[in-house]
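# Structural characterization, general
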Amino acid sequence: MALGSPSPATTKDAPPDAAVEVRDLRKAYRGGPAVLDGLSFRAARGRVTALLGPNGAGKTTTVGICEGLHRADSGTVRVLGLDPVADAARLRPRVGVMLQDGGLPTGVGALEALRHVASLHTHPLDLGALSERLGLGSFARTRVRRLSGGQRQRLAMACALVGRPELVFLDEPSAGLDPQARLAVWDVVREVRDAGVAVVLTTHLMEEAERLADDVVVVDHGRVVATGSPEELTRGPASLSFRSRPGLPTDSLARALPVGAEVSELDAGRYVVTGVDVDPRVVATVTNWCASHDVLAEGVGPVRRTLEDVFLDLTGRTLR
Ligand SMILES: Nc1ncnc2c1ncn2[C@@H]1O[C@H](COP(=O)(O)OP(=O)(O)OP(=O)(O)O)[C@@H](O)[C@H]1O
């Protein structure tokens, strides 16, 4: 089954460019401080765009504005070339929304809830195939209010996709899912993306962004602080790490290395060299220094930055 192919009834007036274009959004909730402070980003068709940011950074508010649920104080938002509030009726059949609380009737069975959402669309996906892909079968008759958190997430995802949207907003799609369900959800997201659907998701899982996103938008304090593919964001100087006995004289090793090198013991016996390009001479200097100090080092080599390193560098380590 082609999970992604957008509904034939809705594709003909689709603009060819960005599925979402947000420019200079500003918003403060009644009398409060600025929550969005000039936020801009675009999300393309056929790509997964992940919004990452600490708690309270403004991701949900941004997505809510794109979904037409909130209004910005200023700035522009185009969703499939339309205004999410003024053109809400035209957008509804073309945009799938997965809300964290599901937004579903709670007194009916899971499959019945999905069937109801499907009935609102002209060309819904095949319910049996969609249920199978997201593993809804085992709780098809369970009332929505009795579903576990992970089951509810999967049902909400099915509801977001059943109308063959051209654009889908997924709010923390794999939060609370077990590893099997997470992989199934990621496969489904990739499949709809490959069929040309624009997927915009929020996540706190760096692995999810790293493995799923084509474009990452890092949001902090209501602004975009970095954008790029996971590959682009994590490119750049690697550090060199090794393991050995705890308490090595790191100052002595730093002095043996080129000017600018810093050596830290991250936790007992785990060392990292930063501040210099990790080239073969630096690796040799570390191993020579270890040999001359009777230090047995394991795993001496360069370590690429992860998306989590980049995220923490950009947004700091203070709890929000
Ligand atoms: N309805 C509301 N009324 C007042 N303040 C709100 C409202 N909704 C959100 N906020 C505030 O706006 C800020 C941004 O919240 P938002 O939910 O957009 O952040 P987020 O990046 O999605 O956070 P999280 O990762 O925790 O979901 C927060 O300080 C939050 O307290």
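As the structure is a computational prediction, the values presented were derived from the model and not from experiment. (Residues numbered from 1 in each chain as written. Predicted model: local features only at pLDDT ≥ 70, side-chain atom pairs only at ≥ 80, totals over all residues. Heavy atoms only, no water.)

### Concerning the site of the ligand
All residues in the neighbourhood of the ligand are listed as Tyr29, Val35, Pro54, Asn55, Gly56, Ala57, Gly58, Lys59, Thr60, Thr61 and His204. The contact in question runs from an oxygen atom of the ligand to an N or O atom on the side chain of Thr60, over 2.5 Å. One of the side-chain N or O atoms of Thr61 is found 2.5 Å from an oxygen atom in the ligand. Taken by itself the ligand offers 640 Å² of open surface, and the protein chains cover 56% of this. Top contributing element to the shell around the ligand by residue count: helix α1 (residues 59-66), with 3 residues. For the shell around the ligand, the class distribution of residues is 4 nonpolar, 6 polar and 1 charged. (Near = heavy atom within 4 Å. Polar contact = N/O pair within 3.5 Å; in protein donor to acceptor, adjacent residues only side chain to side chain. Areas by Shrake-Rupley, 256 points an atom, 1.4 Å probe, with all protein chains shown as cover. Helix = DSSP H or I, 4+ residues; strand = E, 2+ residues; numbered from the N terminus. Nonpolar A, V, L, I, M, F, W, Y, C, P; charged D, E, K, R; others polar.)

### Comments concerning the packing of helix α3 (residues 110-119) against helix α5 (residues 149-161)
Contact geometry for α3 and α5: axes closest at 9 Å, N-to-C directions at 20°. Here α3 is positioned roughly parallel relative to α5, judged by the angle of their axes. When the axes of α3 and α5 are compared, the crossing they make is right-handed. Seen from α3, the contacting residues are Ala110, Ala113, Leu114 and Val117; seen from α5, they are Leu155, Ala158 and Cys159. Taken together, the residues that form the contact of α3 with α5 break down as 7 nonpolar, no polar and no charged. (Axes fitted to C-alpha atoms, helices over the stretch in contact; angles between N-to-C directions. Parallel < 35°, antiparallel > 145°, perpendicular 65-115°, else oblique. Left-handed = near helix turned anticlockwise from the far one by under 90°. Contact = heavy atoms within 4.5 Å.)

### Topic: the sheet that holds strand β1 (residues 20-28)
Here 3 strands make up an open sheet; going across it, the order is β2-β1-β4 and the pairing antiparallel. Edge positions in the open sheet fall to β2 (34-43) and β4 (74-79), since each of these has one partner strand only. Taken over all neighbouring pairs, the strand axes of this sheet differ in orientation by 20° on average, direction set aside. Bridge analysis of β1 against β4 gives 5 bridges, and the strand direction is antiparallel. Residue pairing for β4: Arg26 is matched across the bridge by Ser74. (Pairing = 2+ DSSP bridges.)

### Description of the pairing of strand β9 (residues 223-228)
One face of the sheet, then the other: side chains in a regular strand alternate in exactly this way. Pairing of strand β8 (residues 215-220) with β9, which is carried by 5 bridges, proceeds in the antiparallel orientation. Each bridged residue has a counterpart across the sheet, and for Val217 the counterpart in β9 is Thr227. Hairpin geometry of β8 and β9 is characterised by an intervening segment of 2 residues between the two adjacent antiparallel strands and by a positive phi of about 50° at His221.

### Remarks on the domain arrangement of the chain
Reports of interface size often rely on the accessible area that becomes lost once the parts have come together. With domains assigned, the chain is organised as domain 1 (8-231) and domain 2 (237-303). Taking only C-alpha atoms, the centre of domain 1 and the centre of domain 2 are 44 Å apart. (Domains from an automatic or database assignment.)

### Considering the nonpolar core
Taken as a class, soluble globular proteins show a tendency for nonpolar side chains to be buried jointly. The biggest cluster of nonpolar side chains holds 50 residues, and the ones touching the most others in it are Leu114, Leu155, Met157, Leu170 and Val199. For this core, the element with the most residues is α5, which contributes 7 residues. If near-sequence neighbours (up to four positions away) are discounted, Leu155 is found in contact with Leu104, Ala110, Ala113, Leu114, Leu136, Val144 and Leu147. The next biggest cluster of nonpolar side chains, apart from the first, holds 25 residues, and it includes Ala19, Val22, Ala57 and Phe169. (Core = buried A, V, L, I, M, F, W, Y, C linked by side-chain atoms within 4.5 Å. Buried < 20%, exposed > 50% of the residue type's maximum accessible area, 1.4 Å probe, protein only.)

### A few points about a nonpolar patch on the surface
A cluster of nonpolar residues, Leu69, Val97 and Leu99, forms a patch on the protein surface that exposes about 230 Å² of accessible area. The exposure class of Leu69 is exposed, given its relative accessible area of 55%. (Patch = residues over 30% accessible without salt bridge, like charges linked within 9 Å, V, L, I, M, F, W, Y side chains within 5 Å. Salt bridge = Lys/Arg side-chain N within 4 Å of Asp/Glu carboxyl O.)

### With respect to the sheet that holds strand β11 (residues 262-267)
Taken together, the 4 strands give an open sheet; going across it, the order is β11-β12-β10-β13, and neighbouring strands pair in antiparallel fashion. Looking at strand neighbours, the two that pair on one side only are β11 and β13 (298-303), the edges of this open sheet. Along the sheet, successive strands turn relative to each other by an average axial angle of 20°, direction set aside. Where β11 lies against strand β12 (residues 270-274), 5 bridges are found, and the strand directions are antiparallel. Bridging across to β12, Ser264 finds its partner in Val272. Helix α10 (residues 280-292) contacts β10 (239-243), β12 and β13 of the sheet and is inclined by roughly 25° relative to β10.

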